[in-house]
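Summary of structural features
Letter by letter, the chains look like this.
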Amino acid sequence: MIRVFPDLRDDDPILALFHKGVKGQWSASEFDWTLPFGFHEPEAASFARILTPVYLGEQTAMLGASTILQHFAMEHETSAELYITTFMLDEARHFEMLTRVYKLLHQTPLEMRDLREMFRYHHRLLKSKHRIDWLFGILVSDLFAKNFYGAFRKYFPDTLFGKLSVRIISDEARHQAFAEHYLGALRDELPHEVRDRLLEMRDDLLFIMQGMLRRLAPDAALVGIDGYAIMQELEHDVKRKVDILGLEQEEREAVLRAEEEAEHAAAAEASAELVATSDTSASE
Ligand SMILES: [Fe+2]
Ligand SMILES: [Fe+2]
């Protein structure tokens, strides 16, 4: 796993993302915590509840990054190893910031028993032995976070959480870019069983999110956020990523059909050539 002089190409796009990640670092002390929050009871309590799934996602992304670093090292993917260290610091910062938000509001997140399925999903990700599964699972979870923060940026731009959301979203944009680059490069090599596993994971997470949304919809409405709109955006974004990665059955079958046709055409061409050659040698 450890190599003295690992390969690191200057033109590797993931190395460029690592550089962006290094330059993009910032700390909680640079943020203006005196900005108004704009919530009083009972909105603050509702906000604390709807923030919980995102808060859990930030923590598990940070924890999972340490595991995935080893996987990248085992595959000798040095630029990905470097990049994931900035990802880990990003998620650590988000986790710390949200903890601070809870303290500022004198609120606590939901209990684990209220988020059992969500917790199970993240636990499954942490235990996953394949870096592709982890990355895809985190990608879906990150998309949810992006839309959640996006709603606060849009509807509460001048509040503390609105401003914080703007900063977090710029970190999340790097995470999306990495997932697209990394998984996109593997697009043509992914075995069908892996694609099926990823689609199953997508269905599981969207199902869990929908259940959670139903439970938290009254809280979201009280805060002034449209949970259903966030869910719709999430489904749209996930579909886009799935299309980019060519994971869906229909698209995959179309690619397989095209490959098969190309093989048939090549075989027909080869046999036609063979016939032509034998005709020529017979007439000689
Ligand atoms: Fe995050
Ligand atoms: Fe993230």
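Quick note: structure is the one above.
This structure is a prediction, so every number in the text was calculated from the model and none was measured.

Quick word on the nonpolar core
When a protein is soluble and globular, its nonpolar side chains tend to lie buried together. Judged by nonpolar contacts, the single largest core of 60 residues is most densely connected at Tyr 83 and Leu 135. The set of elements that each furnish at least two residues to this core consists of helix H1 (13-23), helix H2 (43-74), helix H3 (78-105), helix H4 (116-127), helix H5 (131-155), helix H6 (160-186), helix H7 (192-223) and helix H8 (227-245). When residues of this core are assigned to their parent elements, the largest contribution, 13 residues, is made by H5. Those residues in contact with Leu 135, other than ones at most four positions away along the chain, are Ala 179, Tyr 182 and Leu 183.

Examining the packing of H2 against H3
It is at 9 Å that the axes of H2 and H3 come closest, and there the two elements cross at 160°. In terms of their interaxial angle, H2 and H3 are classed as roughly antiparallel. In this structure, H2 crosses over H3, and the sense of that crossing is left-handed. Split by residue class, the contact of H2 with H3 holds 20 nonpolar, 3 polar and 3 charged.

A short note on the packing of H1 against H3
Interaxial distance between H1 and H3 falls to 8 Å at its minimum, and their mutual angle equals 25°. In terms of their interaxial angle, H1 and H3 are classed as roughly parallel. The crossing of H1 and H3 is left-handed. Of the residues in H3, those touching H1 at Ile 14, Leu 15, Leu 17, Phe 18, Gly 21 and Val 22 are Ser 79, Ala 80, Leu 82, Tyr 83, Thr 86 and Phe 87. Here the residues of the contact of H1 with H3 sort into 9 nonpolar, 3 polar and no charged.

How each quantity is defined
Residues numbered from 1 in each chain as written. Chains lettered and ligands numbered in written order. Predicted model: local features only at pLDDT ≥ 70, side-chain atom pairs only at ≥ 80, totals over all residues. Core = buried A, V, L, I, M, F, W, Y, C linked by C-beta atoms within 7 Å. Buried ≥ 20, exposed ≤ 12 C-beta atoms within 10 Å, placed from the backbone. Helix = DSSP H or I, 4+ residues; strand = E, 2+ residues; numbered from the N terminus. Contact = placed C-beta atoms within 7 Å. Axes fitted to C-alpha atoms, helices over the stretch in contact; angles between N-to-C directions. Parallel < 35°, antiparallel > 145°, perpendicular 65-115°, else oblique. Left-handed = near helix turned anticlockwise from the far one by under 90°. Nonpolar A, V, L, I, M, F, W, Y, C, P; charged D, E, K, R; others polar.

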